[in-house]
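Structural characterization, general
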Amino acid sequence: MEITRRRLLSALSAAGLLTVIPTGRATAADAAADSARLLANTVGVFAGTEASNSRAETAAKRAAIAKAARANLKSMDAAGPGELFAGLVLGTDEGRLNTAYKQLYEIALATRAPGAAPDLYGDAVVQRRVIDGLAWLHERYYGDQSKGYYGNWFYWEIGLSQFISKTLVLLADEVKAYRPDLLRTYVASMDAYLRNGTDGDVNLDSRFHTGANLADITTNRILQGALLVGDGGGAPDGEARIRKALTDQLTVFATIDPYALDHGVTDGYYADGSFIQHASVAYTGSYGKGLLTRVVQTLKILDGTGFAHGGELVPTVVGWVRNGFAPLIFEGWMMEIVKGRAVSRPDTGYTDVAIVVEAVVDLASLAEETADATALKGYVKHIRATSRAALDPSSFVSPVSITRYADITGDASVPAEDLNPASRTVAFNAMDRTVHRRPGYAFALARSSSRISKYEYMSGENLVPWFQGDGAYYLYLSGQDQTQAYGVDYFTTVAPYALAGVTAPVEERRTVPELYGKPYYDNPGHPLNFTSSSESQNTYVYFPCGTGPHSGGAVLGAYGAAAMVQSDDVPYRDKQKGILPDDFVVHRNATSTKSWFLFDDEIVVLAADVGDAAGGRAVTTTVDSRTAAPDDLTTVTGALRDGRPWSGPGTGDLHWLRYANSTRGTSIGYVFLDTPRVRVALDEVTRSRRVVRTANPDTAVTRTVLGVTVDHAAGAEPACLAYALVPNAAEAALRSHTRHDGPLTIHANTPRFQAVTHKGLGLTAANTFTPGRHETAGLRVEGPASVLVRRGRRHGDPVTVAVADPTTRRDTVSVLLHGRSLSKVTADPQVRVTRVHGGTHLDVDTRHAYGRSLTVTLR
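A quick note: this is a predicted structure, and the numbers were derived from the prediction, not measured.

So, the pattern of salt bridges
- Per the stated rule, a full pass over the model turns up 52 salt bridges.
- In this structure, Arg322 engages Asp372 in a salt bridge whose closest nitrogen and oxygen atoms are separated by 3.6 Å. In this pair, Arg322 sits in helix α13 (residues 314-325) while Asp372 sits in helix α15 (residues 371-386), placing the two residues 50 residues apart along the sequence.
- Residue Asp624 is joined to Arg626 by a salt bridge in which the shortest nitrogen-to-oxygen separation is 3.6 Å.

As structure tokens, this is what we get:
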């Protein structure tokens, strides 16, 4: 399938957009030479080169390669009858089969890695043991299509093929000499296992062949094509496989246009930096990370070949890093809001970022001597300088990447510099996420809607996820080891109903395995065909969306506003319609209409219509939940509204509260602008990490958990809350917020309209939620919108305005600024300015903006 001109133009920013893949077939000699280069590049990526592996920086990596190979060979030696590796029982568990192929790959790797294991390097006897192992596995557990493809589809279409293809590349010469039939035997089987494809190839219309998954599949096929070219007599079909795989993979470089989807695919990168996988999951920190790694590896293995001009793709990937990844990385930590079910894994946010850093290191090399290369190198040094955990380059996949990392960090001429300014607000509205960064802290907000999933659960991972997309937020404080604040232990020790920022009904829910005895709902006889990989399983179990469209926000410079109307999920809605089986369990959500207004020193949260629509349940709203090591010195102090001092834990009519962790040197303040009585708890909690993931070790984790909660009684009228989070606050700063001349003024907090002014900034921020006219603080807004207005202190200073449609459904948003009539200075093309009696009228064309902020400067 040929990639279209429009797709390429939207994906690439370099010259020669239509020549990424050269037209016409290469001569047989050229194809053979290019394939040989591709295979050599691949060996170099994974095994290293003589140059990289002679350097001291790769010693730990080489030792790890040798250790794994020796352990696997020892296991082969100890294997009993019917075993390839001792104790590894095969035939019913696809994960174990994957382990067998992985262990063969690790042995093969040691035979091709210079300096790793001198006694194994180039050893044909050991290589033939691996080849015999490949043949043995194919004969008994892989080659029979009628017995394969049990369990998780990913292993059969991607995972197994990755290890098989890389092992065949590492041992290409020996396979050709010893078992020349094995290559084509395996390629035929790998093609046959692409059951979500078409005729043994990629199907771009398949929901399984998108985004990171597509990059993995096509990279495997590129390697297979190069092997076929080098197999003798296979040049035409091998070259065709490479070209087809590259053409398919190029689609992942295209910016997703939600109004003109290709093949109906929503997975990939969006114009605002968002990344989505599984159709509706915000996933930069897991699948997005995997896609970044894979495409950079592809560019490396293509380097110097004639199959593609990869340099033209580099600026696009640099854009992903700058606008997609960098805002989500705080002091070397990947934020929780974009990790899906991976939040339940024991690997930390620091480990996630190490993977990104390897890709950035290699991307800097591919960018050659350009401004992008310099910026990427500076970013690598910035992460190293600010991370609270030492980055271990021995965890990199490639020894060559390790040496490049060492060269960058050792280069005194490269300054450490973030790719983003220290103060920035990013509205990732395409994936319902907002990030607000300031020197000293970062605030990350997870929303959901009818477009974006409330959470992701799958395969026994993220067992208690129910409210992770219902306005849950994370406040990262500078200088703190984030493993003590967040990561898997946060989700282990903080109750799933009490995540920071969440309004939840008071009820106990059961996990999917507890409900159904399996990690999924199994009902293939139902018309919706509930099987482990069915689309119904995705829609109703793995990553259900909300049912409301209102989730989004606006950005004006470094400031922002975000909004969400909390909704039921799709399973609850469809159960009420009689669509779902009787034994399928659903839950009704609480109600709330919320705004988050993002300033310099404060994050202001307004909530209205907080309660239970049916009135039968109590509801809690969690202002914050924070964790600390049990031996950390933590204190809670505050003041009541009558001015008396208060110290917690306890419940009170609080005006402000300050939580400090003296051991970590961190603090956070809470100013209760208009909030009912607040319950403050400081409890020591011990739970097993298996609470959140069945595959986690049964490791008991103990944390001191701060809970700041507002309770809403069953049957009570819907409540309103208004409070501010004040990171790194001293008591004096918190007291200043409670004075009548404090910086914050709340203008409205209803289900229709929420607005606040920060007097010190001259900034008014408003979210409107319903049709009709909304008016306050010199501002009138028609219908649902997010609006920010900043006015100068002096007469004649410019006025700047940002407008966004958080529903993504409106064609036009109209705004009236009361006061003197102003004229346009600069504006986005979608903004029309009209001077009217008593003010200035703005008509903002939001059609097909997908939540993007549109701005105007007036004077």
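Side note on the sheet that holds strand β16 (residues 634-640)
- Strands sit in the order β11-β12-β13-β14-β23-β20-β19-β16-β17 across an open sheet of nine strands; the sheet is antiparallel. What marks the edges here is a single partner per strand, and that holds for β11 (551-556) and β17 (645-647). In this sheet, neighbouring strand axes are inclined to one another by 15° on average, regardless of whether the strands run parallel or antiparallel.
- Summarising the sheet, strand β14 (residues 603-611) and strand β23 (residues 719-727) pair through six bridges and their orientation is antiparallel. Bridged to Ile603 within β23 is Leu725.

Some words on unusual backbone geometry
- Looking along the chain, the bond that leaves Gly648 and enters Pro649 is cis, with omega of 5°.
- Mapped onto the elements, Pro649 comes out in the loop between β17 and β18 (650-652).
- Phi angles above zero are rare outside glycine, and Asn462 is one such case at about 60°.
- In this structure, Asn462 sits in the loop between β8 (441-446) and β9 (472-477).
- Among the residues examined, Asn462 registers a relative accessible area of 2% and is labelled buried.
- A positive phi angle, close to 50°, is found at Tyr850, a residue other than glycine.
- Note that Tyr850 resides in the loop between β34 (839-845) and β35 (854-858).

Some remarks on the sheet that holds strand β1 (residues 268-269)
- The sheet built from three strands is open, its strands ordered β1-β2-β3 with antiparallel pairing. Strands with a single pairing partner mark the edges of an open sheet, and in this sheet they are β1 and β3 (281-282).
- In this sheet, strand β2 (residues 275-277) lies alongside β1 in antiparallel orientation, the contact comprising two bridges. Counterpart to Tyr269 in the pairing with β2 is Phe275.

Calculation criteria
- Sequence order sets the numbering: in each chain, residues are counted from 1 along the sequence as written.
- Selection of residues for local features in this predicted model requires a pLDDT of at least 70, selection of side-chain atom pairs for listing and counting requires 80 or more, and totals for whole chains, interfaces and linings are taken over all residues.
- To obtain the side-chain values, all non-hydrogen atoms of the structure were included, while hydrogens and water were left out.
- Any Lys or Arg side-chain nitrogen located within 4 Å of an Asp or Glu carboxyl oxygen qualifies as a salt bridge.
- Runs of H or I in DSSP of at least four residues are treated as helices and runs of E of at least two as strands, each being numbered from the N terminus.
- Two strands make a pair as long as DSSP finds a minimum of two bridges between them.
- Axis angles are defined between N-to-C directions and span 0 to 180 degrees, where every axis is a line fitted to C-alpha atoms and, for a helix, only to the segment in contact.
- When accessible area is computed with a 1.4 Å probe and restricted to protein chains, residues below 20% of their type maximum are described as buried, those above 50% as exposed, and intermediate ones as partly exposed.

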